[in-house]
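The primary structure of each chain is shown beneath.
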2 protein chains.
Amino acid sequence: MAKDAPIIAVDVMGGDFGPSVCVPGAVDAARAGKFKVLLVGRHDAVAAELAKLNPAGVDVETVHAGEVAEMDEKPSEILRRKKDASIQVACRLVKEGRADGIVSPGHSGATVACGMFIMGRIAGVERPALASIMPTEKNPMVLLDVGANVDCKPHHLLQFGLMANAFARDMLDLPVPRLGLLSIGEEEGKGNTLVKEAYELLKLVENLNFVGNVEGRDIFTGDVDVIVCDGFVGNVALKLSEGLATSIARILKRELLGSPVAKLGAFLSKGAFKRFARFVDYAEYGGAPLLGLNGIAVVAHGRSNAKAVASATRMAATFVRKGTYERLVEAISQNEELTRYGKAIK
Amino acid sequence: MAKDAPIIAVDVMGGDFGPSVCVPGAVDAARAGKFKVLLVGRHDAVAAELAKLNPAGVDVETVHAGEVAEMDEKPSEILRRKKDASIQVACRLVKEGRADGIVSPGHSGATVACGMFIMGRIAGVERPALASIMPTEKNPMVLLDVGANVDCKPHHLLQFGLMANAFARDMLDLPVPRLGLLSIGEEEGKGNTLVKEAYELLKLVENLNFVGNVEGRDIFTGDVDVIVCDGFVGNVALKLSEGLATSIARILKRELLGSPVAKLGAFLSKGAFKRFARFVDYAEYGGAPLLGLNGIAVVAHGRSNAKAVASATRMAATFVRKGTYERLVEAISQNEELTRYGKAIK
């Protein structure tokens with residue numbers, strides 16, 4: 001069950017900035033969180049980055065991986081042809097029991113593929129789902145799936161809900177998360193065929209605080225803790241949110257620097273803007289957990305800086321310490337019949 | 001073809017505020033745009049609002065409709081049981097040639113149903129689509145479908161693209177709009193099954209500036225003029241955008257009023273904030289055109305104020321003056337074979 005001394009394998013070759021941000025990020029997380037990290041990547045590249053740091057007293061070990069998964073390579077190709085890619089090596093460390101979880105920035109498709117076929121899935125889980133922790137006006141909330149599954153069946157959404165509920169309890173410290181289904185109207189019966197059928201399944205789950213349909217505008221109010229959707233819709237929603245927040249910030253900046261008086265005003269308000277910027281700063285959370293695998297996996301943003309990698313690594317360790325994996329296994333097995341029912345009607 | 005003196009039927013009973021905003025909005029639009037409006041609704045309610053205005057010199061006429069479509073009524077019920085509902089009466093005015101187009105705030109489902117079955121569809125169009133004009137960092141862009149069709153086939157998305165392209169040329173004054181398909185990766189082959197198949201069709205259209213897949217983050221940069229998606233995804237995207245913009249504005253306000261210095265700063269910057277607020281103000285555009293009907297139809301936001309109704313009414317008149325309807329007819333008929341091909345392969 002929950003383990004006090006997690007070991008997290010970090011794929012330091014991933015993301016836009018590779019070892020230069022992943023090594024310091026992972027080392028910082030291990031130092032602050034008092035757990036062990038395995039730095040998976042090319043020996044020389046890792047050593048060069050470690051030499052710039054002072055890792056004394058930090059429980060860190062390098063595991064060599066000679067290849068790197070490139071962003072433009074197909075997940076299936078990486079899985080088949082690059083046996084020594086850092087993401088594959090990291091997944092094997094979990095499979096062999098040498099690590100409890102992996103963190104990889106960047107290529108989420110490769111992480112899904114290698115995770116599914118090397119680490120394996122929790123018994124009964126058909127599709128692992130990628131969860132994103134989103135800022136809201138109140139507390140953070142969990143949106144999933146944000147891109148692992150683009151064509152879903154109703155029982156997939158059911159399982160996403162079960163896993164996200166277990167996850168949110170641990171990660172957001174909520175005993176009874178409010179769980180909504182993303183749709184285009186609040187009333188039961190609104191939505192596309194997939195959502196209407198998933199609604200029927202979710203309302204049958206015992207011990208789930210299913211609040212029904214929620215709309216796009218409900219993501220950021222903070223009145224719901226988990227929102228379930230298919231991976232196509234979730235990915236559009238996630239990227240749209242990032243894009244809109246960035247555009248709004250840019251427009252505001254342009255307006256504020258447009259006149260000397262407005263500029264002075266902006267200078268006086270700069271503390272407020274700093275706190276505001278935190279709302280749109282993904283590095284605060286940094287990681288998208290991939291739920292449903294046999295082990296912990298956290299995908300960090302491709303543009304991750306060291307802070308974001310540290311945050312994702314810390315998240316993976318917390319996951320291990322709280323025994324979240326075991327809770328996911330339990331949630332899926334307790335609702336096995338309902339999953340089978342969902343498969344049978346669709 | 002294009003008509004210099006449009007007649008627009010405005011369903012003044014719709015929306016959250018009914019005649020109190022629809023009558024002044026419609027009258028303002030007719031005065032400024034020098035065209036005729038038919039105010040469709042209960043005689044007494046319209047007369048009461050007209051009495052508060054000075055409609056002298058404005059070409060305005062009241063057409064009585066004894067019933068009102070309520071927001072919680074199903075479109076099919078309104079269509080079947082409320083023959084005298086203002087939205088039905090307005091659609092009949094177009095069918096009978098007494099008006100060129102309708103404007104209705106609020107119940108978009110009822111407008112779609114009454115529009116399809118009373119006004120009828122353009123020959124060859126299977127599904128009318130609701131288009132939303134969205135603000136971006138540069139010029140406004142068109143997103144569709146934003147909610148008329150929750151379960152789509154690839155050839156529906158093809159037709160949405162054809163119509164939106166014709167529409168954007170006229171409404172945004174763009175000779176060659178850049179048209180993108182909303183997906184979760186820019187490369188061809190990314191997306192769900194629907195999007196991948198729609199991509200195959202869109203790239204076969206002649207005289208279409210199809211730029212390929214775009215992502216959620218591309219909506220607001222202004223680098224593309226039209227984005228096509230199914231009505232479920234589009235509606236989620238639209239409501240998410242409204243919700244996020246509102247939440248960001250609220251958080252910013254809270255931060256800026258949090259300390260006296262920040263407050264003074266915000267006061268000095270207030271001109272900049274005003275211009276910024278216009279970015280998130282839907283009343284600037286006000287109307288979502290429903291494309292594919294035999295006649296013009298513009299759905300205004302349920303929360304529309306008089307300014308938004310005026311803007312939607314002005315949009316409908318522009319639509320008539322520019323002959324946009326005829327261009328939609330042409331775009332659909334010129335690609336009839338491609339639509340049939342799309343239906344055959346799916």
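What this report covers is the structure whose coordinates are included nearby. (Residues numbered from 1 in each chain as written. Chains lettered and ligands numbered in written order. Predicted model: local features only at pLDDT ≥ 70, side-chain atom pairs only at ≥ 80, totals over all residues. Heavy atoms only, no water.)

## Some words on the packing of helix α1 (residues 19-33) of chain B against helix α2 (residues 43-52) of chain B
Residue and element names in this part refer to chain B. Just so we agree on the cut-off: Axis definition: a line fitted to C-alpha atoms, limited for helices to the stretch in contact. Angles are taken between N-to-C directions and run from 0 to 180 degrees. Elements are defined by DSSP. Helices are runs of H or I of four residues or more, strands are runs of E of two residues or more, and each kind is numbered from the N terminus. The cut-offs work like this: below 35 degrees is roughly parallel, past 145 is roughly antiparallel, 65 to 115 is roughly perpendicular, and the gaps in between are oblique. Two helices crossing with the near one rotated counterclockwise from the far one by less than a right angle form a left-handed crossing, whereas a clockwise rotation gives a right-handed crossing. Between two residues, a contact is recorded if the distance between any of their heavy atoms is within 4.5 Å. In this count, Pro and Cys sit with the nonpolar residues alongside Ala, Val, Leu, Ile, Met, Phe, Trp and Tyr, while Asp, Glu, Lys and Arg are called charged and the others, Gly among them, polar.
As a packed pair, α1 and α2 sit with axes 9 Å apart at the nearest point and diverge in direction by 60°. As far as their axial angle goes, α2 and α1 are oblique. Relative to α2, the crossing made by α1 is right-handed. Facing α1, whose interface residues are Pro 19, Ser 20, Val 23 and Val 27, α2 presents Ala 45, Val 46, Glu 49 and Leu 50. Residues of the contact of α1 with α2, tallied by class, amount to 6 nonpolar, 1 polar and 1 charged.

## A few points about the interface of chain B and chain A
Rule in force here: The term buried area denotes the loss of accessible surface (1.4 Å probe radius) that occurs when two parts are joined, taken as the sum for both partners. One side-chain nitrogen of Lys or Arg within 4 Å of one carboxyl oxygen of Asp or Glu is enough to make a salt bridge. A 3.5 Å cut-off defines polar contacts: any pair of N or O atoms within that distance qualifies, except that in protein one atom must be a possible hydrogen donor and the other a possible acceptor, and neighbouring residues in sequence count only when both atoms are side-chain atoms.
Between chain B and chain A, the contact holds 50 residues from the first and 50 residues from the second. Interface area lost by chain B to chain A is led by B:Glu137, B:Ile184 and B:Phe232, which between them contribute 15%. At the surface where chain B touches chain A, the tally comes to 6 salt bridges. Here B:Arg250 and A:Glu137 are joined by a salt bridge, their closest N and O atoms 2.6 Å apart. Applying the counting criterion to the chain B and chain A interface returns 12 residue pairs in polar contact (both at pLDDT 80 or more). Ranked by residue count, the leading element in the side of chain B that touches chain A is helix α8 (residues 231-256) of chain B, at 20 residues. Partitioning the side of chain B that touches chain A into residue classes produces 26 nonpolar, 13 polar and 11 charged.

## Some points on the sheet that holds strand β11 (residues 296-300) of chain B
Residue and element names in this part refer to chain B. Keep this limit in mind: If DSSP finds at least two bridges between two strands, the strands pair.
If you walk across this open sheet you meet the 11 strands as β3-β2-β1-β4-β11-β10-β5-β6-β9-β7-β8, and the pairing is mixed. One side of each edge strand has no neighbouring strand; the edge strands of this open sheet are β3 (60-64) and β8 (210-214). Recorded for the sheet is a direction-independent mean angle of 25° between the axes of neighbouring strands. Taken together, the 3 bridges between strand β1 (residues 7-11) and strand β4 (residues 101-105) define a ladder with parallel strand orientation. Pairing of Ala 9 across the sheet is with Ile 102, part of β4. Contacting β7 (179-182) and β8, helix α7 (residues 193-202) crosses the sheet at an angle of about 160° to β7.

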